[in-house]
Amino acid sequence: MSDSCTHIVPVHTGDYPDAEAKAREILAWFQTRGLVAAAPSDCTLDGPGYAFTPKIQTLFIEPMDPRVHDGVTRGLALHAGPRKVFHPMEGAELSFVCPGCGHDQGWDGVDAIGAWFAGEEDEPACPACGERFHINRYGTDRGGTDTPWAFSNLGLTLWNDHGGAFQPAFLDSMRALYGTDIRVVEVHI
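Before going into details, it helps to say that this report is about the structure given with it. Think of each chain on its own: its residues are numbered from 1, step by step along the sequence as written. With pLDDT at 70 or above as the cut-off, local features in this predicted model cover only qualifying residues; side-chain atom pairs require 80 or more to be listed or tallied, and sums for whole chains, interfaces and linings still use all residues. Each side-chain value is worked out from all heavy atoms of the structure, with water and hydrogens disregarded.

Two aromatic rings from Phe, Tyr or Trp, using only the six-membered ring of Trp, form a pair when their centres are within 6.5 Å; if the ring planes differ by under 30 degrees the pair is stacked, by over 60 it is edge-to-face, and anything between is tilted. For the structure shown, the criterion picks out 10 aromatic pairs. Ring plane angle 75° and centroid distance 5.8 Å describe the contact between Trp 107 and Trp 149, whose orientation is recorded as edge-to-face. With Trp 107 in the loop between strand E3 (75-86) and helix H2 (110-117) and Trp 149 in the loop between H2 and strand E4 (150-159), the pair connects residues that are 42 residues apart, well separated along the chain. The buried label goes to any residue with under 20% of its type's maximum accessible area, the exposed label to any with over 50%, and the partly exposed label to all in between, with areas taken from a 1.4 Å probe on protein chains only. Since its relative accessible area comes to 43%, Trp 107 is described here as partly exposed. Of the aromatic side chains, those joined through ring pairs into one cluster are Trp 29, Phe 30, Phe 60, Phe 166 and Phe 170. To qualify as a helix, a DSSP run of H or I must reach at least 4 residues; to qualify as a strand, a run of E must reach at least 2; elements of each kind are numbered from the N terminus.

What follows is the structure, encoded as structure tokens:
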């Protein structure tokens, strides 16, 4: 059985302000609902995280089959700090579509992503029309047919969450916590 995770990332411009405080607030949201353990442990592939409790199933439309993943890598990881590219990994394709003219740079967009990651350029120019847009305005999901990519200095990762559809109320809660729209990035390793 391979590992998987789901990133939930805010969509914003610039760096998310006070990302570490927001990560603590998100952790508190999960802990006050009894969804994760109180103390960190070695339960993610992303460093220390917070192990899921059985209540984590309430976030999904369909309950998790306990046989899906019975390993120790099952928990919540929080990222707050340097910029990070949240992408689907295995079999990842890159669609990088200009919101102005619709030109898809495909993998040529990786230069713009690298410049954003390095903090050099938040608004790459489209090579087709020359217009500049914030990196989060470029389409990365092939018009909704592929897993999107996300770009932020803040995000949460649910390791081996079972890959089912989330309850709409949970996603609404994440939007409210972040104060922005979100991108949900499914990852298979």
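Next comes the rest of the write-up.
Here 2 bridges tie strand E2 (residues 50-51) to E3, and the two strands are oriented antiparallel to one another. Across the sheet, residue Tyr 50 finds its bridge partner in E3, namely Leu 76. Here the rule is simple: two strands pair whenever DSSP picks up at least two bridges between them. Examined bridge by bridge, E3 and E4 share 9 bridges and lie antiparallel to one another. Bridging across to E4, Lys 84 finds its partner in Ser 152.

With that settled, consider the environment of Phe 133. Within the fold, Phe 133 resides in the loop between H2 and E4. The exposure class of Phe 133 is buried, given its relative accessible area of 12%. A C-alpha to C-alpha distance of 10 Å links Phe 133 and Thr 13, two positions 120 residues apart in sequence.

Over the atoms rolls a probe the size of a water molecule, and its path tells where empty space is left. Put plainly, a pocket is an open set of points on a 1 Å grid over the protein atoms alone with protein on both sides within 12 Å along at least five of seven lines, a cavity is a set where a 1.4 Å probe fits but cannot get out, and a lining residue has an atom within 4 Å of a point. Grid points are joined across faces, edges and corners, and a volume is the space filled by probe spheres set on the points. Estimates place the volume of the largest pocket at around 170 Å³. What lines the largest pocket is Ala 23, Arg 24, Leu 27, Pro 40, Asp 46, Pro 48, Tyr 50, Ala 77, Leu 78, His 79 and Lys 84. When contributions to the lining of the largest pocket are tallied by element, the ones reaching two or more residues are helix H1 (19-32) and E3. Per-element accounting of the lining of the largest pocket gives the leading share, 4 residues, to E3. In the scheme used here, Gly and all other residues not listed as nonpolar or charged are polar, with Ala, Val, Leu, Ile, Met, Phe, Trp, Tyr, Cys and Pro taken as nonpolar and Asp, Glu, Lys and Arg as charged. Among the residues making up the lining of the largest pocket, the classes are represented as 7 nonpolar, 1 polar and 3 charged.

The subject of this paragraph is the environment of Tyr 178. Looking at the element boundaries, Tyr 178 is found in helix H3 (residues 168-178). Using a relative accessible area of 2% as the deciding quantity, one classes Tyr 178 as buried. Expressed as a C-alpha distance, the spacing of Tyr 178 and Lys 22, which sit 156 residues apart in the sequence, is 7.5 Å. Any two residues whose heavy atoms approach within 4.5 Å are treated as being in contact. Not counting residues up to four positions away in its chain, the partners in contact with Tyr 178 are Ile 8, Val 9, Pro 10, Tyr 16, Lys 22, Ile 26, Leu 154, Gly 155 and Leu 156.

This part is about the sheet that holds strand E1 (residues 4-10). An order of E2-E3-E4-E1-E5 is seen for the 5 strands of this open sheet, with the pairing classed as antiparallel. Of all strands in the sheet, those bounded by a partner on one side alone are E2 and strand E5 (182-188). Alignment of E1 against E5, held across 7 bridges, turns out to be antiparallel. Residue pairing in the sheet places Val 9 in a bridge with Arg 183 of E5. Angles shown run from 0 to 180 degrees and are taken between the N-to-C directions of axes, each axis being a line fitted to C-alpha atoms and, for helices, limited to the stretch in contact. In the packing of H2 onto the sheet, contacts are made with E3 and E4, and the angle to E3 comes to roughly 100°. This element, H3, spans E1, E4 and E5 of the sheet and lies at about 45° to E1.

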